[in-house]
Amino acid sequence: PTSADAPPTSADAPPTRPEAPPTETEAPPTSREDPPSSIPKSEQGSSQVSSGQESKSKEDSPCNKANPLKLTSDTTAVTSGASVQCCPDSDGGRLPSISLLTTDTRSVLCCSSPKQVEVNTIASSFAALAVKLQDVHKYVLNLMGRQDLVAKLPPNQALQELCGGMTAAWDHYNREKAIILFIVEDVSYNICDQRFHEYEILHQRPSLRVRRRTLTQVHQMGTLDTDGRLWLSCEEVAVVYFRAGYDPSGYHGDDEWSARFLIERSLAIKCPSVHYHLAGTKKVQQELAAPGALLKFLSPDEAKNVSQLFTGLYTLDLGEEGDRTVEMALADPDRYVLKPQREGGGNNLYGEDIRTTLESIGSSPAREAFILMDRIRAPVQTNYLVRPQKNVVLCSVISELGIFGALLGSPTEIFLNKACGHMLRSKLSTNNEGGVASGNGALDSVLLVD
């Protein structure tokens, strides 16, 4: 989107007055600024989720207290794997976390069965644009007189359902004046997709306010009160939605790590918490594919069905099993993908780059930062990729289907667990990477045919 080329200036620099937040999101967009107040709450969004918390009075605000707590931590407290203790809720447990996730799959050329590429548990994007793009494809098909094909575009409510997950978390927090906080990058190139989420939340909950802040700004403005509630200046935070912070580049120094640590220690419902964040790493994906691992969580029949989605995943831990994985990769690197524990695209290694990397790191501990995965050979189709400043030509592409989901749960209970629509990405069949934001891929729509 062209507006993403020039992100809003409020994200370019932190506010100079922490006690006065920027006004970027103070006023909602005029298109949905004042939804009709007559809309019943039951029609404004997702189903209500009961809460174990009791609402407290306005006097809880740090604006009315002399000494709000500002908790900070050095970088090692987060990066070393030390346990982060959360503030207890009224039942003596921990407040729930919410994960808005994407499970990406590709079809295998030999049998057209889907195989899982990865699971993204943080900053899952393009739900909004995928929904909007389907409207574009419907428009084009109608112009072509192909109404028969319009009927074969499956319904997609990804934006509404994902935002319904966030409002369900807000309902569970049960503090009427609390806000939802979007953690964003210093410069948000994917701001259009993010803004549609903000507007949809406002549509579902007209009185709910969303604020967009960077981790740097949270460090400057964020405090915890004596109950462990997170405040951004004079506003209490119910839900923290991370659209940044998934990659080390989002942490410029100790201030940003301290901001993440502050959020994790708070009563705010995190999307995701550090637990869900780590659950989306490639290493966890590889361990879950190990024989018997799924039986810890699923029935035998469920485990069998889920395991059919897995392709080959191999450890590179130091030891005999990891050594055998290295030997396989060096013998035929074109069969595999070498994956580090990174998100955001452009991190995986293919072909001779696998050989070069493994020979370089040898048996050093750096080898354990990767896993090896069978390369999925998806069926090749022909399609048009529409990209700026490039001619539109028919080309060979492969596609990757992402299924969105929302999970709201605590260590002892699951409150919400549902599928939330889908997205499709297509890329040139000759490209290894397929990131849309990086320009290697394009958003697409699913067409169901016999």
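Structural data are supplied above this passage.
Residues numbered from 1 in each chain as written. Predicted model: local features only at pLDDT ≥ 70, side-chain atom pairs only at ≥ 80, totals over all residues. Heavy atoms only, no water.

1. Brief notes about the nonpolar core
Thought 1: Counting 37 residues, the largest nonpolar core has Leu100, Met166, Ile180, Phe182 and Ile201 as its most contacted members.
Thought 2: Elements with a contribution of two residues or more to this core: β1 (97-107), α2 (127-143), α4 (158-173), β3 (179-183), β7 (235-242), β8 (269-271), β14 (394-409) and β15 (414-428).
Thought 3: Not counting residues within four places of it along the chain, the set of residues in contact with Leu100 comprises Asn120, Thr121, Ser124, Leu162, Met166, Tyr241, Cys271, Gly405 and Ala406.
Thought 4: Formed by 21 residues, the second largest nonpolar core is a distinct cluster that contains Leu232, Val237, Phe242 and Ile263. (Core = buried A, V, L, I, M, F, W, Y, C linked by side-chain atoms within 4.5 Å. Buried < 20%, exposed > 50% of the residue type's maximum accessible area, 1.4 Å probe, protein only. Helix = DSSP H or I, 4+ residues; strand = E, 2+ residues; numbered from the N terminus. Contact = heavy atoms within 4.5 Å.)

2. What about the pairing of β15?
Thought 1: Pairing between β14 and β15: twelve bridges, direction antiparallel. Along β15, the bridge assignment pairs Leu401 with Leu424.
Thought 2: Linkage of β14 to β15, two consecutive antiparallel strands, is achieved through a turn of four residues.
Thought 3: Examined bridge by bridge, β15 and strand β16 (residues 441-444) share four bridges and lie antiparallel to one another. Its bridge partner being in β16, Lys427 is matched across the sheet by Gly441. (Pairing = 2+ DSSP bridges.)

3. Overview of a nonpolar patch on the surface
Thought 1: A cluster of nonpolar side chains, namely Val136, Tyr139, Val140, Leu143 and Met144, defines an oily patch on the protein surface of about 530 Å² accessible area.
Thought 2: Summarising the element assignment, Val140 is placed in helix α2.
Thought 3: The class for Val140 is partly exposed, based on a relative accessible area of 37%. (Patch = residues over 30% accessible without salt bridge, like charges linked within 9 Å, V, L, I, M, F, W, Y side chains within 5 Å. Areas by Shrake-Rupley, 256 points an atom, 1.4 Å probe, with all protein chains shown as cover. Salt bridge = Lys/Arg side-chain N within 4 Å of Asp/Glu carboxyl O.)

4. Thoughts on the environment of Ser249
Thought 1: Positionally, Ser249 belongs in the loop between β7 and α7 (254-265).
Thought 2: A polar contact is formed between the side chain of Ser249 and the side chain of Asp247, at a distance of 2.7 Å. (Polar contact = N/O pair within 3.5 Å; in protein donor to acceptor, adjacent residues only side chain to side chain.)

5. Some thoughts on the packing of α4 against helix α5 (residues 191-204)
Thought 1: The geometry of α4 relative to α5 is characterised by a closest axis approach of 9 Å and an angle of 65 degrees between their N-to-C directions. In terms of orientation, α4 and α5 fall into the roughly perpendicular class. In this structure, α4 crosses over α5, and the sense of that crossing is right-handed. Of α5, the residues touching α4 (which contributes Leu159, Gln160, Leu162, Cys163, Gly164, Met166 and Thr167) are Phe196, His197, Glu200, Ile201 and Gln204.
Thought 2: A breakdown of the residues in the contact of α4 with α5 according to their chemical character gives six nonpolar, five polar and one charged. (Axes fitted to C-alpha atoms, helices over the stretch in contact; angles between N-to-C directions. Parallel < 35°, antiparallel > 145°, perpendicular 65-115°, else oblique. Left-handed = near helix turned anticlockwise from the far one by under 90°. Nonpolar A, V, L, I, M, F, W, Y, C, P; charged D, E, K, R; others polar.)

6. A closer look at the pattern of salt bridges
Thought 1: Within this structure, the stated rule accounts for 16 salt bridges.
Thought 2: One salt bridge connects Glu118 with Lys282, and the closest N-O pair in it is separated by 3.4 Å. Linking Glu118 in strand β2 (residues 114-120) with Lys282 in helix α9 (residues 282-288), this pair joins segments that are 164 residues apart in sequence.
Thought 3: Ionic contacts of the salt-bridge type, sharing partners, join the residues Glu118, Lys282 and Glu343 into one network.

7. Digging into the environment of Glu264
Thought 1: On the secondary structure map, Glu264 appears in helix α7.
Thought 2: In sequence terms Glu264 and Val240 are 24 residues apart; their C-alpha atoms lie 9.7 Å from each other.

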